[in-house]
Amino acid sequence: MGNIELYTLAKDYEARGNIDMYLKTLQEMVARDQMFSPGQLELGQFFLRTGDIMNAKKKLIDYLNAYQTGLTIGMIEWAKQQIQEIDKKLNPQAPAPAK
């Protein structure tokens, strides 16, 4: 099964509420081909939805480093913004010292 078929299968699992198989299929897909940007983006979005910001950031960076296709090229700016938001959460500005 190729990447597109695995991606379609993963989305099918998600639509049916089988999140375990959705995640397993996505992880299998990106393990086989780390340059498949739709898989990296999908995982990044999943981790954002579930509040796992460390894995979300990693997968969004992987997405930005992957080969971009017509399926995901429009999401580049969104991914960069999400990474910035995650960085703000991970590194909040320290309050200014009292004078």
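Look above for the structure.
So, here's what we can say about the structure.

Cut-offs used in this document
Residues numbered from 1 in each chain as written. Predicted model: local features only at pLDDT ≥ 70, side-chain atom pairs only at ≥ 80, totals over all residues. Heavy atoms only, no water. Core = buried A, V, L, I, M, F, W, Y, C linked by side-chain atoms within 4.5 Å. Buried < 20%, exposed > 50% of the residue type's maximum accessible area, 1.4 Å probe, protein only. Helix = DSSP H or I, 4+ residues; strand = E, 2+ residues; numbered from the N terminus. Contact = heavy atoms within 4.5 Å. Expected span 1.5 Å × (residues − 1). Arc of directions from axis to C-beta. Salt bridge = Lys/Arg side-chain N within 4 Å of Asp/Glu carboxyl O.

### A closer look at the nonpolar core
Ranked by size, the top nonpolar core spans 19 residues in total, and within it Tyr22, Leu26, Leu43, Phe47 and Leu60 carry the most contacts. Among the elements of the structure, helix H1 (3-15), helix H2 (19-32), helix H3 (37-49), helix H4 (53-65) and helix H5 (76-90) are those that each provide at least two residues to this core. Of the residues forming this core, the biggest block, five residues, is contributed by H2. Sequence-distant contacts of leucine 26, defined by excluding residues within four places in its chain, comprise Ala10, Glu42 and Leu43.

### A few points about H2
Spanning 14 residues, H2 covers 20 Å between terminal C-alpha atoms, matching the ideal 20 Å at 1.5 Å per step. Of the residues making up H2, those classed as buried are Tyr22, Leu23, Thr25, Leu26, Met29 and Val30. Summarising the axial view, the buried residues of H2 lie within an arc of 165°, below the 170-degree limit, and thus occupy one face. Facing away from the buried surface of H2 by more than 90 degrees, the exposed residues are Asp20, Lys24 and Ala31. The inward-facing, buried residues of H2 abut H1, H3 and H4.

### What about the side chain of threonine 25?
Assignment of secondary structure puts threonine 25 in helix H2. Its relative accessible area of 4% is what places threonine 25 among the buried residues. Look past the residues within four positions of threonine 25 in its chain and what remains in contact with it is Leu6, Leu9, Ala10 and Tyr13.

### Here we look at the side chain of glutamate 42
Inspection of the secondary structure puts glutamate 42 in helix H3. Contact partners of glutamate 42, with chain neighbours within four places excluded, come to Tyr7, Lys11, Glu14, Tyr22, Leu26 and Arg49.

### Let's talk about the pattern of salt bridges
For the structure shown, the criterion picks out nine salt bridges. Its salt-bridge partner being glutamate 85, residue lysine 88 comes within 3.4 Å of it at the nearest N-O pair. Taken together, the residues span about one helical turn, with lysine 88 and glutamate 85 both in helix H5 at a distance of three residues. Taking relative accessible area as the criterion, lysine 88 reaches 53% and is therefore assigned exposed. Residue classification places glutamate 85 among the partly exposed positions, given a relative accessible area of 39%. Taken together, the salt bridges that share partners define one network made up of Lys11, Glu14, Glu42 and Arg49.

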